[in-house]
Amino acid sequence: VYSGPATITIRTRRMSKILYSTRHEDNDTEIYVINDDGSGNRRITFSPGEDSDPSWSPDERQIVFSSSRQGGPNDLYIINADGTGAINITNSPENEGGPAWSPLGDEILFTKRLGANTEVFRLHLASGTLLNLTQNPASDFDPTWAPNGQRFAFSSNRDGTSDIWALRFGRFGGLAQLTSNRRS
């Protein structure tokens, strides 16, 4: 592991294991898992592209992450927790990142760059159905599921500043702004 300055993204679902990505001296980013006491640091990915934004599956047997390993824009991949069996699940010409696994493990939220803005999408894993959830000219990013899976929160600059918004699924769905960082 590179001992100099590094960009580290940490994602964890369980308290005893931390899933993270870090940039190496060769400007390559890889994914690691480490125990919360600092022991057992283990590299999960070994690709020539950037592997980042890791997120555990609910059963902690798989990891979804963003990668440029095929030489183009970032796609989303699922890999087994031991680092085997990487599968491209989006194979898209747009840049994708920030994946978050649903509490039931059947869907993944993520961001997709569309022209000048970024939208939040939901991918249903069994059917491959992809849905743009935010559809706004502003940039929407960093989606996070609510524990019950019935809504999600995300950051957006749709009111001119970066704020947190929530969107509820289903019959009682709706969009709500949770913070307001407007300057007076």
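As the structure is a computational prediction, the values presented were derived from the model and not from experiment.

J.: Requested: an account of the overall build of the protein chain, with residues and values cited.
T.: Within the protein chain, the secondary structure is distributed over 0 helices and 16 strands. The buried share among the 184 residues of the protein chain stands at 44%. Taking the intrachain contacts of the protein chain between residues at least 6 apart in sequence as the baseline, contacts between residues at least 24 apart amount to 22%. Just so you have it, the protein chain exposes about 9,700 Å², and 49% of that area is on carbon and sulfur atoms.

J.: Lay out the sheet that holds strand E16 (residues 174-177) with the relevant residues and their values.
T.: The strand order across the open sheet formed by 4 strands is E13-E14-E15-E16, and the pairing between neighbours is antiparallel. What marks the edges here is a single partner per strand, and that holds for strand E13 (140-145) and E16. Strand after strand, the sheet turns through a mean of 25° between neighbouring axes, direction not considered.

J.: Which residues make up the confidence of the model for the protein chain, and what values go with them?
T.: Residues at a pLDDT of 70 or more form 90% of the protein chain, whose mean pLDDT is 87. For the protein chain, strand E1 (residues 8-11) is the element with the lowest average pLDDT, namely 50, and strand E7 (residues 75-80) is the one with the highest, namely 97. The low-confidence segment residues 1-8 (pLDDT under 50) makes 15 contacts with residues lying over four places distant or belonging to another chain.

J.: Please give an account of the pattern of salt bridges that cites residues and values.
T.: Within the structure shown, the criterion is met by 8 salt bridges. The shortest N-O distance in the salt bridge between Glu50 and Arg23 comes to 2.7 Å. Placement of Glu50 in the loop between strand E4 (42-43) and strand E5 (51-56) and of Arg23 in strand E2 (residues 17-23) is noted, with a sequence separation of 27 residues between them. Here Glu50 falls in the partly exposed class, since its relative accessible area comes to 27%. For Arg23, a relative accessible area of 26% translates into the label partly exposed. Residues participating in the shared-partner salt-bridge network are Glu94, Glu96 and Lys112.

What counts, and where the lines are drawn
Residues numbered from 1 in each chain as written. Predicted model: local features only at pLDDT ≥ 70, side-chain atom pairs only at ≥ 80, totals over all residues. Heavy atoms only, no water. Helix = DSSP H or I, 4+ residues; strand = E, 2+ residues; numbered from the N terminus. Buried < 20%, exposed > 50% of the residue type's maximum accessible area, 1.4 Å probe, protein only. Contact = heavy atoms within 4.5 Å. Areas by Shrake-Rupley, 256 points an atom, 1.4 Å probe, with all protein chains shown as cover. Pairing = 2+ DSSP bridges. Axes fitted to C-alpha atoms, helices over the stretch in contact; angles between N-to-C directions. pLDDT = per-residue confidence, 0-100. Salt bridge = Lys/Arg side-chain N within 4 Å of Asp/Glu carboxyl O.

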